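Given next are the chains, with one letter for each unit.
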Amino acid sequence: MTKDIFAPIKSKKKGKPLYKMFIDGQWIEAKTKETFEVSNPANGKTIAHAQTATIDDARKAVKSAFDARKGLSEMYAVDRAKILKKAAELLMEHKDEFVDVIIAESGKPVSVTEGEVKAAAERLMYSSEECKDIYGEEIRGDMSPHKTDKFAMVIRQPLGTVLAITPFNYPLHIAICKIAPAFAAGNTVICKPASKNPICMIMFARMMELAGAPKGSFQLITGGGSGIGDFLVNHPNISMISFTGSTSVGKHIAQICGMKKIHLELGGKAPAIVLNDCNLDIAVKECLKGALTFSGQRCDAISRILVEKGIADDFVKSVLKEIKKWKMGDPKKKDTLIGPLIEKKAIEKVDELVQDAIHWGAKLLSGGRYEGLFYEPTVLDRVTPKMRIAWEETFGPVVTIIRVDNYEEAIKIANESDYGLDACIFTTDIDKAMDAGMRLEDGTVSINASPSHGLGLFPFGGDKDSGIGREGIRHSLLEMTKVHTVIFRKTYKPEK
Ligand code: NAD
């Protein structure tokens, strides 16, 4: 009989697993024994319980992370790399368990979930290699007549403790995109996953433990953000906050965190500009992929399509044909592309935006209905800038089409958004592609492709209300280290 490696991380409550937290190298329950339910969005059933951490639990985690700093920063990079690599291997060994849990707690279709787990393991692997990329520079003083006898060694040091606060939509991958580079750089890490679906990250903490992460170097704390969030964010022994989530919570964190480094990955309202000269087949398929993957519950989802009027009728016709392939159903089934939304509040918000658009004259061409948490893939044509759906984050499976007179009008509407995370353009005109690449006010502009960030090979992040900072291989490492300068004075002069 094979041993269940997840046995130490849980007990039982009302016939369901009760998961513990990983604090100070131990699997523990919340001090008050308070717990919360985690349910399956596809059927509303409780699948597990998790701990509601108290401020005392959070304090214990911060102390342990602080105490572990010296050991981790002095650990050879090659040994930190081995731990990350081992965690990646363990994750892949247990990928089926992770896939099952993510589907159950998030309602994410199996094909998207498998991609998430694989990308998370690959990101761990990349970060293990990044351990060798922590280097600075040497600067000579002899450009100044007063500094000819000096030179400086500029080195990169870990910050101390990184607090990773993560959202529900890519519960494993987004957390690992923070934890892996932070650990690679020699920081201790405390992770607080979303309370809607924390189980996969609790399981990942077990991977880090088994991979040999020293006591206190990685910790996992669960519970609602409003309970322990302010305490952690505000704590002087947290050196950096790496937050991914809504713009409202991000702004709150920025206001209360005090003097510490902050990285914010927030909401988005990605425009796709579709020009008369585009390859229609590519534009339609990419726009649907961008709008509908994981039911549009992505910060980089295409949530307004600005189509030039010359191609608009053909584009809409083709969208209506193609959208039939987006089958809604049980997220566990291989051919399902649209699963449930995460919670009732989310579905109500999507429907509110759709109804508001219809009220102001938009044409509902497909979908627009829901049952339970399943919202049909929906097409809204003739949306105008006076409708809320043109500006507010949708986070639902809605293809929102705004017809524009020309390229300049598309750029204008695209840039009028408060958000600035992602944008894309479909055209065969290289000049317009280049122009849009430079002028769109978003962190990333994709040409003839929908936004997609996966591994973090290219730097990713937002401007305006979409955030501060950039994530990605190398970029996260730079953000999670500090520059430390050592100046040498040359006193020895050889005899002439
Ligand atoms: P959310 O803001 O509700 O929650 C995110 C995290 O913040 C959770 O762990 C939550 O518990 C925690 N939190 C809540 N209040 C807090 C507080 N006062 N202090 C500290 N932590 C607190 O977001 P969500 O609903 O889980 O995720 C959806 C949002 O995330 C969308 O707006 C989406 O655009 C955004 N998102 C952005 C990116 C990006 O890279 N820019 C990626 C994914 C998701």
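All figures in this text were calculated on a predicted structure; none of them were measured in a lab.

Asker: Got a minute to help me understand the sheet that holds strand E20 (residues 398–404) in this structure?
Answerer: Consider a sheet: its strands pair through backbone hydrogen bonds, and that pairing is either parallel or antiparallel. Spatially, seven strands are ordered E16-E19-E20-E15-E14-E22-E23 in an open sheet, and the strand pairing comes out mixed. With one partner strand each, in any of the chains shown, strand E16 (363–366) and strand E23 (444–447) form the two edges of the open sheet. Each neighbouring strand pair of the sheet contributes to a mean axis angle of 20 degrees, computed without reference to strand direction. Relative to strand E22 (residues 422–426), strand E14 (residues 270–274) runs parallel, the two sharing three bridges. Looking at E22, one finds that Ile-273 is bridged to Ile-425. Packing of helix H11 (residues 344–359) onto the sheet brings it into contact with E16, strand E19 (378–381) and E20, and relative to E19 it is tilted by some 30 degrees.

Asker: In this structure, what is going on with the environment of Phe-204? I would like to understand it.
Answerer: Tracing the sequence through the fold places Phe-204 in helix H6 (residues 199–211). Setting aside anything within four residues of it in sequence, one finds Phe-204 in contact with Ala-87, Phe-98, Leu-124, Leu-172, Ile-176, Ile-179 and Phe-218.

Asker: Where do I start with the packing of aromatic side chains in this structure?
Answerer: Think of a pair of aromatic rings as described by two things: how far the centres are apart, and how the planes are tilted against each other in angle. In this structure the tally under the stated criterion is seven aromatic pairs. Judged by centre distance (6.1 Å) and plane angle (75 degrees), the rings of Phe-168 and Phe-395 are edge-to-face. Placement of the pair is Phe-168 in the loop between strand E9 (161–165) and helix H5 (173–184) and Phe-395 in the loop between E19 and E20, with a sequence separation of 227 residues. Aromatic pair Phe-204 and Phe-218: ring centres 6.2 Å apart, planes at 75 degrees, arrangement edge-to-face. Of this pair, Phe-204 sits in helix H6 while Phe-218 sits in strand E11 (residues 218–220), and the two are 14 residues apart along the sequence. Accessibility assignment for this pair places Phe-204 and Phe-218 in one class, buried. The ring of Tyr-135 carries Arg-474 above its face, with NZ or CZ at 4.8 Å from the centroid.

Asker: What should I look at first to understand helix H7 (residues 225–234) in this one?
Answerer: A turn of α-helix holds 3.6 residues, and therefore any two residues three or four places apart point the same way. Buried residues of H7: Ile-228, Gly-229, Phe-231, Leu-232 and Val-233, and no others. Close packing links the buried residues of H7 with helix H1 (55–74), E9, strand E10 (188–192), strand E12 (240–244) and helix H8 (247–256).

Asker: Help me understand the site of the ligand, please; the structure alone is not making it clear to me.
Answerer: Lining the immediate environment of the ligand, one finds 29 residues, of which Thr-166, Lys-192, Ser-246, Leu-266 and Glu-393 sit closest. Taking Gly-245, its main chain carries an N or O atom lying 3.3 Å from an oxygen atom of the ligand. Leu-266 is positioned such that a nitrogen or oxygen atom in its backbone is 2.7 Å from a nitrogen atom of the ligand. The fraction of the free accessible surface of the ligand (860 Å²) that becomes covered by protein chains is 89%. The set of elements that each furnish at least two residues to the shell around the ligand consists of H7, E12 and H8. Considering every element that reaches the shell around the ligand, the biggest residue donor is H7, with four residues. Partitioning the shell around the ligand into residue classes produces 14 nonpolar, 10 polar and five charged. Both domains that furnish three or more residues to the shell around the ligand are identified here as domain 1 (7–266 + 470–482) and domain 2 (270–457).

Asker: So what exactly am I meant to see when it comes to the domain arrangement of the protein here?
Answerer: The figure often quoted for interface size is the accessible area lost as the parts come together. Taken domain by domain, the protein comprises domain 1 (7–266 + 470–482) and domain 2 (270–457). Between the C-alpha centres of domain 1 and domain 2 the distance comes to 31 Å. In this complex, domain 1 contributes 27 residues to the contact, which on the side of domain 2 involves 27 residues. Carbon and sulfur atoms make up 65% of the surface buried where domain 1 meets domain 2, a total of about 2,100 Å² over both sides.

Asker: I keep staring at the pairing of E12 and nothing clicks. Help me out?
Answerer: Where a strand is regular, its side chains alternate between the two sheet faces. For E12, the buried fraction is high: five of the five residues fall into the buried class. Burial along E12 is two-sided: Met-240, Ser-242 and Thr-244 and Ile-241 and Phe-243, pointing in opposite directions, are all buried. Note: E9 against E12, four bridges, orientation parallel. Note on E12: the bridge partner recorded for Ala-164 is Ser-242.

Conventions used here
- Residues numbered from 1 in each chain as written.
- Predicted model: local features only at pLDDT ≥ 70, side-chain atom pairs only at ≥ 80, totals over all residues.
- Heavy atoms only, no water.
- Pairing = 2+ DSSP bridges.
- Helix = DSSP H or I, 4+ residues; strand = E, 2+ residues; numbered from the N terminus.
- Axes fitted to C-alpha atoms, helices over the stretch in contact; angles between N-to-C directions.
- Contact = heavy atoms within 4.5 Å.
- Phe/Tyr/Trp six-rings, centres within 6.5 Å; stacked < 30°, edge-to-face > 60°.
- Buried < 20%, exposed > 50% of the residue type's maximum accessible area, 1.4 Å probe, protein only.
- Lys NZ or Arg CZ within 6 Å of the ring centre and 35° of its normal.
- Near = heavy atom within 4 Å.
- Polar contact = N/O pair within 3.5 Å; in protein donor to acceptor, adjacent residues only side chain to side chain.
- Areas by Shrake-Rupley, 256 points an atom, 1.4 Å probe, with all protein chains shown as cover.
- Nonpolar A, V, L, I, M, F, W, Y, C, P; charged D, E, K, R; others polar.
- Domains from an automatic or database assignment.
- Buried area = accessible area lost by both parts, 1.4 Å probe.

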